[in-house]
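Spelled out, the chains give:
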Amino acid sequence: MRVGLFVPCYIDAFFPAVGIATLELLERLGLEVVYPLDQTCCGQMMANSGSQKDAAGAEALFVKNFSDFDYIVGPSGSCTVHVREHLDAIAQTPAVAKVRANTYELVEFLHDILAVEAFPWAEFPHKVGLHNSCSTLRKLRTAKASEIDEPVFSKPMDLLRKVRGIEFVTPSRPDECCGFGGTFSIFEEPVSAKMGYDKVADHHGAGAEYIVSADTSCLMHQKGCAERLGLDIRFIHIAQILNGDRA
Amino acid sequence: MKRIDHAEAASEFIAAKEHQEFHDRRLWDLRLKRDREAHGIPEWEELRELASRIKEHTLSHLADYLEEFEARARENGATVHWARDATEHNQIVLDILSARGSKTLVKSKSMLTEECDMRSFLERRGIEVIETDLGERIQQLDDEPPSHIVVPAVHKLRDDVSAVFARTIGAERGNNDIHYLAETQRRTTRPYFLRAEAGMTGANFAVAETGSFVVCTNEGNADLSANVPKLHIASIGIEKIIPRTEHLGVFIRLLSRSALGSPITQYTSHFRAPRAGGELHIILVDNGRSERLGMRDFWYSLKCIRCGACMNTCPVYRRSGGLSYGATYSGPIGVIIDPAFNIRKYSNLPFASTLNGSCTNVCPVKINIHEQIYKWRQVIAERNQLPFVKKEMMRIAGKVLADPRLYRAAISAAGLAIEHLPRFAIYNWLNAWGRQREIPKAPGQTFRSWYLENRKPS
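1. Digging into helix α12 (residues 216–229) of chain A
Note on helix geometry: an α-helix contains 3.6 residues per turn, so any two residues three or four positions apart are oriented the same way.
All names here are of chain A.
Argument step 1. Compared with the 20 Å implied by 1.5 Å per residue over 14 residues, the 19 Å span of α12 between its first and last C-alpha is a close match.
Argument step 2. Among the 14 residues in α12, ten count as buried, and that is most of the element.
Argument step 3. Among the residues of α12, those classed as buried are Thr 216, Ser 217, Cys 218, Leu 219, Met 220, His 221, Gln 222, Gly 224, Cys 225 and Ala 226.
Argument step 4. Gly 230 occupies a position one or two residues after α12 and carries a positive phi of about 75 degrees.

Here is the structure:
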């Protein structure tokens with residue numbers, strides 16, 4: 001199984017540790033992982049802003065970089081949603097269709113494709129609050145959303161429960177959006193920041209030492225909010241915990 | 001026409017901390033009650049699916065069902081009018097009232113008459129119009145539009161209501177006891193019911209096979225409006241049609257559970273024929289609905305039963321308030337309806353969303369709200385309605401992200417190489433991000449450079 005590692009632009013630039021953890025974790029699990037060096041971004045930001053034609057170049061480049069892999073795996077729910085559901089600024093060739101069908105968000109890849117049983121190297125002796133991004137929750141559906149009447153399930157929790165020493169806390173509104181929303185964070189700054197403040201305060205109030213998520217973009221926003229508020233709470237990507245980071 | 005600046009209005013709403021926090025809590029509480037009631041019946045998700053299909057079926061046979069409704073209603077003794085748009089609707093109402101010398105109209109809550117701006121039209125022509133729903137009356141007295149389609153004054157605290165009532169209907173200044181305030185409204189509205197020559201209601205559902213319609217309320221004011229005066233006018237949007245009475249069972253079970261988290265509204269009133277010696281006029285209103293029905297991506301929004309569940313769950317709506325949308329319809333449903341009325345004026349609204357999708361999940365008729373928001377953004381960009389700054393940023397970002405060399409230059413060294421990008425783009429971005437948040441610190445190296453040092457490149 002040959003896996004193409006997709007490291008979204010903001011992770012490449014600001015959170016390399018998340019990319020490193022994802023790579024190391026997939027390697028520990030015995031996969032052949034390749035990072036195509038010419039990758040940039042999936043085109044989500046332009047497309048979500050309505051400027052679909054401006055996304056075409058990035059989308060074409062994404063397909064060019066990743067069309068030779070069995071699976072394309074990235075530590076980002078929203079980017080995965082873009083590739084899978086919205087990569088349509090370009091002509092829908094068989095190569096595009098293949099890339100769209102084979103792109104996975106890390107948690108669903110570990111849970112559904114690899115069905116990983118254990119992470120013996122992982123230990124995280126902290127209280128964590130899980131933040132499911134709206135993309136993973138309501139689009140990729142890696143966990144039950146509170147609005148829907150269906151049996152409870154959570155792929156990220158299934159994975160995190162295999163980590164030694166971890167404790168979970170639950171905020172009062174576990175699946176309310178944190179307000180990042182891509183360019184929403186810039187063009188709707190007042191609401192975005194207020195949503196972020198409410199989100200980190202809710203986790204902090206529940207006793208979380210860490211907020212863990214499969215989406216670094218949400219965490220980047222929440223971290224900025226928590227630091228400005230002076231809240232003592234830290235942020236970590238699920239890949240880092242599953243790869244054995246202790247703090 | 002000027003664009004509505006949702007972000008700016010939201011900023012003012014958030015600055016009124018006590019109001020914003022109450023607003024958020026109150027509506028979140030409705031969302032939680034909705035969850036409890038909805039998940040209390042095992043077939044909830046099936047009901048949503050059924051409701052969605054009934055609506056889609058009806059909308060795709062709308063002309064037939066409307067004609068069936070019209071024929072049955074006429075047989076029942078009602079007078080049926082057709083209004084192409086708001087102007088025709090308002091004129092029809094005025095003509096009905098004028099022909100009978102009616103000077104006073106009591107009405108229950110109707111988003112359609114808000115949409116038609118009927119009240120100000122009639123008032124300018126000497127007709128006194130009294131809103132009889134408590135929330136709507138508060139808004140009328142304060143000369144503000146409703147901020148929510150079900151709870152019109154939800155953005156106000158009791159002190160605000162107390163001040164409005166003291167200023168307008170002689171309530172005791174400073175008395176903010178909610179029972180006192182409600183009683184004052186009741187006492188001052190009641191004489192209008194007795195005096196008015198005409199009453200008006202909307203309709204939640206109109207049944208084609210019987211020519212009857214149903215109004216769901218909690219205060220009983222619609223029943224007084226319809227039953228005390230001799231003349232009853234009902235304004236009904238053409239999308240309110242359902243084929244059969246048996247379908248009501250599906251929608252009635254969904255409506256109040258979704259709206260307020262109660263199993264049913266206090267009053268579910270069926271109107272079929274004029275009372276003895278009275279008149280019943282039904283106005284079927286299009287006002288852009290036929291045009292919407294022809295929009296491939298957006299016709300699903302006509303399934304809406306106006307429950308407001310999408311507003312209650314919307315994290316943006318709860319933090320910005322309904323008035324910040326500057327439109328009759330606010331919140332997620334407003335965001336996908338309003339641009340069809342005026343694309344320039346409402347071009348910012350589809351961006352007042354994080355695309356989180358909670359609205360879609362609570363919608364009792366399964367409107368794909370967040371997908372329509374995404375689609376509207378494309379339409380707005382295609383019609384050249386994006387603000388200049390955003391348009392330029394996306395053009396530049398698109399260019400940089402399509403080219404590995406430009407991309408690497410842009411994120412190299414100190415994180416962001418300002419010389420490669422126009423200054424306005426950088427400063428707009430950083431200023432907005434940094435106003436209330438810390439900016440992420442650029443790490444020593446990018447992932448890519450770490451990879452080149454630590455792995456054998458392919």
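2. Brief notes about the domain arrangement of chain A
Residue and element names in this part refer to chain A.
Argument step 1. Parsing chain A into structural domains produces domain 1 (2–113) and domain 2 (127–242).
Argument step 2. Once you take the C-alpha centre of each, domain 1 and domain 2 turn out to be 22 Å apart.
Argument step 3. Residue-level contacts link 25 residues of domain 1 with 20 residues of domain 2.
Argument step 4. Here domain 1 and domain 2 share an interface that buries about 1900 Å² over both sides, 72% of which is from carbon and sulfur atoms.

3. With respect to the domain arrangement of chain B
Size of an interface: often given as the accessible area lost when the parts come together.
Argument step 1. Considered domain by domain, chain B is made up of domain 1 (1–39 + 298–386), domain 2 (41–131 + 195–287) and domain 3 (388–454).
Argument step 2. Just the C-alpha atoms count here: the centres of domain 2 of chain B and domain 3 of chain B sit 54 Å apart.

4. Focus on empty space enclosed by the protein
All names here are of chain B.
Argument step 1. Inspection of the entire model under this criterion finds five cavities of 30 Å³ or more.
Argument step 2. Approximately 100 Å³ is the volume attributed to the second largest cavity.
Argument step 3. If you trace the second largest cavity, you find 18 residues lining it, with Cys 314, Pro 332, Ser 353, Cys 359 and Ile 373 closest to the centre.
Argument step 4. Breaking the lining of the second largest cavity down by element, the ones donating at least two residues are α15 (315–320), α16 (331–341), α17 (358–362) and α18 (369–382).

5. Section: the confidence of the model for chain B
Argument step 1. Across chain B, the average pLDDT comes to 95, with 97% of residues at or above 70.
Argument step 2. The ipTM, which scores confidence in the relative placement of chains, is 0.97 for this predicted complex, and the corresponding pTM is 0.96.

6. A few points about unusual backbone geometry
All names here are of chain B.
Argument step 1. Residues other than glycine seldom take positive phi values, yet Asn 287 does so here, at roughly 45 degrees.
Argument step 2. Mapping Asn 287 onto the fold places it in the loop between β10 (279–285) and α13 (289–293).
Argument step 3. Look at Asn 287 and you get buried, because its relative accessible area is 11%.
Argument step 4. With a phi close to 55 degrees, Arg 306 is a non-glycine residue in the positive phi region.
Argument step 5. Mapping Arg 306 onto the fold places it in the loop between α13 and α14 (309–313).
Argument step 6. For Arg 306, a relative accessible area of 14% translates into the label buried.

7. Focus: the side chain of Ser133(A)
Argument step 1. Relative to the helices and strands, Ser133(A) resides in the loop between β5 (127–131) and α8 (134–139).
Argument step 2. When residues no more than four places from it in sequence are discounted, the contact partners of Ser133(A) are Ser213(A), Asp215(A) and Cys218(A).

8. Focus on the state of the cysteines
Argument step 1. Throughout the structure, instances matching the rule amount to zero disulfides over all chains.
Argument step 2. For the unlinked cysteine Cys218(A), the closest cysteine sulfur is that of Cys178(A), found at 4.1 Å.

9. A closer look at helix α4 (residues 52–66) of chain A
All names here are of chain A.
Argument step 1. If you check α4, its first and last C-alpha atoms are 21 Å apart, about what 15 residues at 1.5 Å a residue would give, namely 21 Å.
Argument step 2. The sharpest bend along α4 reaches about 25 degrees and sits at Ala 58.
Argument step 3. Buried within α4 we find Gln 52, Asp 54, Ala 55, Ala 58, Glu 59, Leu 61, Phe 62, Val 63, Asn 65 and Phe 66.

How each quantity is defined
Residues numbered from 1 in each chain as written. Chains lettered and ligands numbered in written order. Predicted model: local features only at pLDDT ≥ 70, side-chain atom pairs only at ≥ 80, totals over all residues. Heavy atoms only, no water. Helix = DSSP H or I, 4+ residues; strand = E, 2+ residues; numbered from the N terminus. Expected span 1.5 Å × (residues − 1). Buried < 20%, exposed > 50% of the residue type's maximum accessible area, 1.4 Å probe, protein only. Domains from an automatic or database assignment. Contact = heavy atoms within 4.5 Å. Buried area = accessible area lost by both parts, 1.4 Å probe. 1 Å grid on protein atoms, 1.4 Å probe; cavity = no way out; pocket = protein on both sides within 12 Å on 5 of 7 lines; lining within 4 Å. Points joined across faces, edges and corners; volume = space filled by probe spheres on them. pLDDT = per-residue confidence, 0-100. Disulfide = S-S within 2.5 Å. Bend = angle between axes of the 7 residues up to and from the residue.

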